[in-house]
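# Results of the structural survey
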Amino acid sequence: MASLSYVSDEVNSPWATYLSQVERVLPYLGELSRWADTLRHPKRALIVDIPLEMDDGSVRHFEGFRVQHNLSRGPGKGGVRYHPDVNLEEVMALSAWMTVKCAALNLPFGGAKGGIRVDPRELSVKELERLTRRYTSEIGSLIGPQQDIPAPDVGTNAQVMAWMMDTWSMNVGATTTGVVTGKPIHLGGSLGRVKATGRGVFVTGRAMALRMGLPLENCRVAVQGFGNVGSVSAELFTEAGAKVICVQDHSATLFNANGIAIPALIEWQKQHGSIANFRGATAVSNEAFWEQGCDILIPAALEGQITAERARKLMCSLVLEGANGPTLPAADDILRDRDITVVPDVICNAGGVTVSYFEWVQDFSSFFWSEDEINARLDNIMEQALGSVWLKAQSLKVTLRTAAYAVACERILTARKERGLYP
Ligand SMILES: NC(=O)C1=CN([C@@H]2O[C@H](COP(=O)(O)OP(=O)(O)OC[C@H]3O[C@@H](n4cnc5c(N)ncnc54)[C@H](O)[C@@H]3O)[C@@H](O)[C@H]2O)C=CC1
Ligand SMILES: O=C(O)CCC(=O)C(=O)O
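Since the model is a prediction, treat every value here as computed from it, not as a measurement.

Criteria and thresholds
- Residues numbered from 1 in each chain as written.
- Chains lettered and ligands numbered in written order.
- Predicted model: local features only at pLDDT ≥ 70, side-chain atom pairs only at ≥ 80, totals over all residues.
- Heavy atoms only, no water.
- pLDDT = per-residue confidence, 0-100.
- Helix = DSSP H or I, 4+ residues; strand = E, 2+ residues; numbered from the N terminus.
- Polar contact = N/O pair within 3.5 Å; in protein donor to acceptor, adjacent residues only side chain to side chain.
- Contact = heavy atoms within 4.5 Å.
- Axes fitted to C-alpha atoms, helices over the stretch in contact; angles between N-to-C directions.
- Parallel < 35°, antiparallel > 145°, perpendicular 65-115°, else oblique.
- Left-handed = near helix turned anticlockwise from the far one by under 90°.
- Nonpolar A, V, L, I, M, F, W, Y, C, P; charged D, E, K, R; others polar.
- Core = buried A, V, L, I, M, F, W, Y, C linked by side-chain atoms within 4.5 Å.
- Buried < 20%, exposed > 50% of the residue type's maximum accessible area, 1.4 Å probe, protein only.
- Domains from an automatic or database assignment.
- Near = heavy atom within 4 Å.
- Areas by Shrake-Rupley, 256 points an atom, 1.4 Å probe, with all protein chains shown as cover.
- Pairing = 2+ DSSP bridges.

### A look at the confidence of the model for the protein
Overall, the prediction assigns the protein a mean pLDDT of 97, with 99% of residues at 70 or greater. Interface scoring of the predicted complex returns ipTM 0.99; its pTM is 0.98.

Structure follows, in structure tokens:
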């Protein structure tokens with residue numbers, strides 16, 4: 001396997017994690033593994049310089065990225081991350097996980113992802129708008145409703161998508177709502193998109209818990225990350241009778257053995273921008289999060305959080321990966337040996353991109369569905385995807401992650417093979 005000149009040799013980088021996940025599935029792909037190098041090479045990567053005039057008149061430069069990992073099954077699809085640690089290798093891994101995710105769910109997309117190395121909390125709204133518009137213009141030649149369709153991820157939201165849609169539309173001279181998803185509802189957004197990722201985590205978690213004989217009533221849940229994905233997952237598990245006993249975000253780790261009042265914590269988070277100093281729980285150390293006895297653990301923050309060391313400590317029976325790439329490969333092996341089931345990111349957090357797919361379809365047909373319709377279709381697709389991955393895991397005697405990769409990579413590499421090499 002040839003390594004890429006622009007990739008570091010850091011063993012726990014997100015890209016190294018992705019490559020290791022690919023290696024584990026190759027023995028199960030038969031003659032399709034001949035095409036495996038397709039999975040190891042991002043199709044296209046664009047690095048852009050974004051000059052930004054700050055409100056005080058000074059000028060700062062930010063690094064931006066858009067990577068299209070694979071386009072064999074359709075246009076690129078994937079979010080845009082605003083975070084101070086974003087780098088090319090991370091965006092490459094995130095785009096590759098999108099390729100696998102869209103194929104695992106059988107959505108007609110390839111994988112892409114973008115990002116800007118910035119802390120959005122340090123910018124004013126006007127600075128954020130200028131940054132987003134310039135980034136959109138810089139990556140404008142790569143994206144488009146039939147080429148590559150961005151969406152929200154960490155640090156971005158519906159407002160950012162509205163600015164992206166408006167900028168791209170101005171540049172091409174026609175309002176093109178289908179160029180991004182996760183937009184505000186009255187700009188061609190879809191009902192249900194904001195909660196879709198958390199809903200998918202809940203639906204796949206409920207389906208897996210049922211298979212494991214784990215009742216949700218009074219089930220103890222711990223959630224890392226209390227943003228879009230973590231807060232909605234916590235809310236839905238609470239509504240189903242579970243107790244969310246531990247929540248961690250970038251500012252604090254909160255514990256309450258009787259269950260944290262999630263609606264109140266959501267309200268607190270909205271008002272204060274973080275969960276710190278919430279009065280309905282006790283603050284504990286960050287590392288204590290991984291040592292709490294619970295039934296379900298939901299990492300819903302960033303990559304690489306479940307290290308081998310933490311995997312040895314976890315006291316849960318089910319991990320639901322709301323985040324992308326939260327578990328390192330060495331930790332995966334430990335969890336498997338400890339009989340802790342992991343519903344992998346490429347299935348578990350696919351609710352967001354599934355409703356993004358619905359949004360894209362609705363924008364093309366200019367015909368919009370009700371929220372009930374969207375949720376029913378979403379639940380159905382997620383349950384079916386989990387069901388086929390579960391069956392694959394049983395038949396191959398592998399983890400759910402390797403089974404999900406087997407289902408997805410078969411689809412990606414079959415498309416690659418059928419399209420041929422010489423367009
Ligand atoms: N928003 C979406 O539709 C989707 C998001 N995801 C993934 O879910 C994860 C979370 O994304 P969002 O909820 O959208 O982001 P967000 O920006 O809404 O929230 C991120 C949360 O993570 C917390 N966090 C950040 N650094 C942390 C740290 N070191 N320790 C503990 N908590 C930390 C933040 O405080 C915040 O609560 C990411 O991995 C993202 O790629 C996956 C699929 C779709
Ligand atoms: O909604 C989308 O298109 C992509 C969401 C995303 O970035 C993800 O699933 O990681």
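### Here we look at the side chain of D148
Tracing the backbone through its elements, the reader meets D148 in strand β5 (residues 148–152). Among the polar contacts listed, one links the side chain of D148 to the side chain of R66, at a separation of 2.6 Å. A polar side-chain atom of D148 sits 3.0 Å from a polar atom in the side chain of Q68. With near-sequence residues (within four places) excluded, D148 lies in contact with R66, Q68, P75, G76, K77, A112, L142, I143 and V179.

### A few points about the packing of helix α4 (residues 125–138) against helix α5 (residues 158–172)
Packing of α4 against α5 leaves a shortest axis separation of 9 Å and a crossing angle of 45°. It follows that α4 is oblique to α5 by the angle criterion. Classified by chirality, the crossing of α5 by α4 is right-handed. Listed contacts from α5 to V125, L128, E129, T132, R133, Y135, T136 and S137 of α4 are V160, W163, M164, D166, T167, W168, M170 and N171. For the contact of α4 with α5, a count of residues per class yields 8 nonpolar, 5 polar and 3 charged.

### Thoughts on the nonpolar core
Residues Y18 and I296 are the most contacted members of the largest nonpolar core, which totals 96 residues. Residue contributions to this core peak at 12 residues, all from helix α3 (residues 88–104). The two domains that each donate at least three residues to this core are domain 1 (14–174) and domain 2 (196–348). Contacts of Y18, omitting those with residues within four sequence positions, involve L39, H69, A96, W97, V100 and Y405. Residues L52, L131, V160 and M161 belong to the second largest nonpolar core, which totals 23 residues.

### Thoughts on the site of ligand 2
In the region of ligand 2, 13 residues are neighbours, and K77, G79, K101, K113 and S356 sit closest. Between ligand 2 and the protein, one listed contact pairs an oxygen atom with a backbone N or O atom of G79 at 2.9 Å. Interatomic distance of 3.0 Å between a side-chain N/O atom of R193 and an oxygen atom of ligand 2. Summarising the interface, the protein chains cover 96% of the accessible area of ligand 2, which totals 290 Å² for the free molecule. Mapped onto the shell around ligand 2, the elements with two or more residues apiece are β3 (76–83), α3 and α12 (351–365). Each residue belonging to the shell around ligand 2 can be placed in one class, and the counts come to 3 nonpolar, 5 polar and 5 charged.

### Side note on the packing of α12 against helix α13 (residues 371–396)
Two elements in contact, α12 and α13, have axes whose closest approach is 10 Å; the angle formed by their N-to-C orientations is 130°. Here α12 is positioned oblique relative to α13, judged by the angle of their axes. For the element pair α12 and α13, the recorded crossing hand is right-handed. Judged by residue contacts, G351, T354, V355, F358 and Q362 of α12 engage I374, R377, L378, I381 and M382 from α13. A class-by-class count of the residues in the contact of α12 with α13 yields 6 nonpolar, 3 polar and 1 charged.

### With respect to the sheet that holds β5
Here we have 5 strands laid out as an open sheet, ordered β1-β2-β4-β3-β5, and mixed in their pairing. Edge positions in the sheet fall to β1 (44–53) and β5, since each has one partner strand and no second. Strand-to-strand twist across the sheet, computed as the mean angle between neighbouring axes with direction ignored, equals 20°.

### Concerning the sheet that holds strand β8 (residues 253–255)
Pairing within the open sheet is mixed, and its 7 strands lie in the order β9-β8-β7-β6-β10-β11-β12. Edge positions in the sheet fall to β9 (282–284) and β12 (341–343), since each of these pairs with one other strand and no more. Ignoring strand direction, the axes of neighbouring strands in this sheet form an average angle of 25°. The pairing of strand β6 (residues 220–224) with strand β7 (residues 243–248) spans 5 bridges and is parallel. Bridging from a neighbouring strand, R220 pairs with K243 of β7. Across the sheet, helix α6 (residues 193–212) is in contact with β10 (296–299), β11 (318–320) and β12; its angle to β11 comes to roughly 160°.

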